[in-house]
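The residues making up each chain are set out below.
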Amino acid sequence: MKHVIEQKHLRPDEVQTVEELSGEDVKNCYQCGKCTAGCPIAADMDVPPNQVIRLLQLGLVDEALKLNTIWLCASCETCTTRCPREVDMAAVMDALRNLAIREGIRSPERTVPFFNRVFLSIVKRYGRVFEMELIGRFNTGTFNFFKDVTKAPKLFFKGRLKMWPNFSGRKTANSVFKDLERVKDSKKK
Ligand code: SF4
Ligand code: SF4
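Reading guide: rules and limits
- Residues numbered from 1 in each chain as written.
- Chains lettered and ligands numbered in written order.
- Predicted model: local features only at pLDDT ≥ 70, side-chain atom pairs only at ≥ 80, totals over all residues.
- Heavy atoms only, no water.
- Helix = DSSP H or I, 4+ residues; strand = E, 2+ residues; numbered from the N terminus.
- Areas by Shrake-Rupley, 256 points an atom, 1.4 Å probe, with all protein chains shown as cover.
- Near = heavy atom within 4 Å.
- Nonpolar A, V, L, I, M, F, W, Y, C, P; charged D, E, K, R; others polar.
- Buried < 20%, exposed > 50% of the residue type's maximum accessible area, 1.4 Å probe, protein only.
- Patch = residues over 30% accessible without salt bridge, like charges linked within 9 Å, V, L, I, M, F, W, Y side chains within 5 Å.
- Salt bridge = Lys/Arg side-chain N within 4 Å of Asp/Glu carboxyl O.
- Lys, Arg positive; Asp, Glu negative; His and termini not counted.
- Charge placed at Lys NZ, Arg CZ, Asp CG, Glu CD.

Student: Go over the overall build of the protein, please, and point to the residues and values.
Tutor: Scanning the protein from N- to C-terminus turns up 11 helices and 0 strands. The order of helices and strands in the protein, counted from the N terminus, is α-α-α-α-α-α-α-α-α-α-α. Dimensions along the principal axes, computed over C-alpha positions, put the protein at roughly 55 × 45 × 35 Å. Only carbon and sulfur atoms are counted for the fraction: they give 55% of the accessible area of the protein, which is about 12,600 Å².

Student: Before we move on, can you summarise the site of ligand 2 with the specific residues and values?
Tutor: Surrounding ligand 2, one finds Cys-39, Pro-40, Ile-41, Pro-49, Cys-73, Ala-74, Ser-75, Cys-76, Glu-77, Thr-78, Cys-79 and Ala-90. Tallied by class, the residues present in the shell around ligand 2 amount to 9 nonpolar, 2 polar and 1 charged.

Student: Lay out the site of ligand 1 in plain terms, naming residues and giving numbers.
Tutor: In the region of ligand 1, 13 residues are neighbours, and Cys-29, Cys-32, Gly-33, Cys-35 and Cys-83 sit closest. In terms of residue class, the shell around ligand 1 is built from 8 nonpolar, 3 polar and 2 charged.

Student: If you had to explain unusual backbone geometry to someone new, which residues and values would you point to?
Tutor: Phi angles above zero are rare outside glycine, and Ser-75 is one such case at about 55°. Turning to its location among the elements, Ser-75 is positioned in the loop between helix H5 (69-72) and helix H6 (78-82). Of note, Phe-143 is a non-glycine position whose phi angle comes to about 55°, a positive value. With respect to the secondary-structure elements, Phe-143 resides in the loop between helix H9 (131-141) and helix H10 (152-157). A relative accessible area of 67% places Phe-143 in the exposed class.

Student: Outline a positive patch on the surface, supporting the account with residue identities and numerical values.
Tutor: Side chains of Lys-154, Lys-158, Arg-160 and Lys-162 sit close together on the surface and give a patch of like positive charge. Position of Lys-154 relative to the elements: it lies in helix H10. On the accessibility criterion, Lys-154 (60% relative accessible area) is exposed.

Here it is as structure tokens:
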């Protein structure tokens with residue numbers, strides 16, 4: 001299929017922002033596809049990871065920001081580990097999510113940003129994830145009340161699902177969240 005790229009769609013300034021946020025130079029990628037071959041989620045993505053980098057190389061950042069790819073990426077770093085050119089793809093995905101939020105671009109995977117927000121608010125409160133609350137709040141917030149509830153008894157009896165939160169990591173989490181707030185404040189000045 002023939003694609004025509006128009007000058008008005010090119011955003012070199014935004015490519016530079018992605019590179020600054022990720023610390024990566026997208027030109028280092030030579031499109032071998034090893035990242036995509038190892039990505040456990042590639043089959044569900046609109047466009048596979050190597051093609052996201054290709055879009056950036058071409059300056060088509062807006063195209064990349066609209067994809068579900070950046071939201072489905074689980075930051076597992078398989079791609080980063082496999083890359084023969086040492087491109088940190090996971091960091092690039094993270095930078096793209098950051099940019100999408102800054103530019104107010106809504107995720108095509110509506111539940112992913114919601115899941116992330118609930119997850120972080122729980123970690124902030126207890127210092128660790130509390131799965132029971134996470135599942136309850138996520139299912140309620142997405143009106144999918146009975147999602148995965150049949151798995152709960154098995155997980156509970158295997159000791160994987162606790163009835164009460166564990167506060168053991170609260171001190172560390174508090175200092176991490178405080179550092180984040182400080183970084184945010186310093187960027188505003
Ligand atoms: S593995 Fe590295 S060089 Fe190969 S396509 Fe992916 S990012 Fe590019
Ligand atoms: S970090 Fe994201 S893009 Fe890379 S392999 Fe994992 S899920 Fe795929």
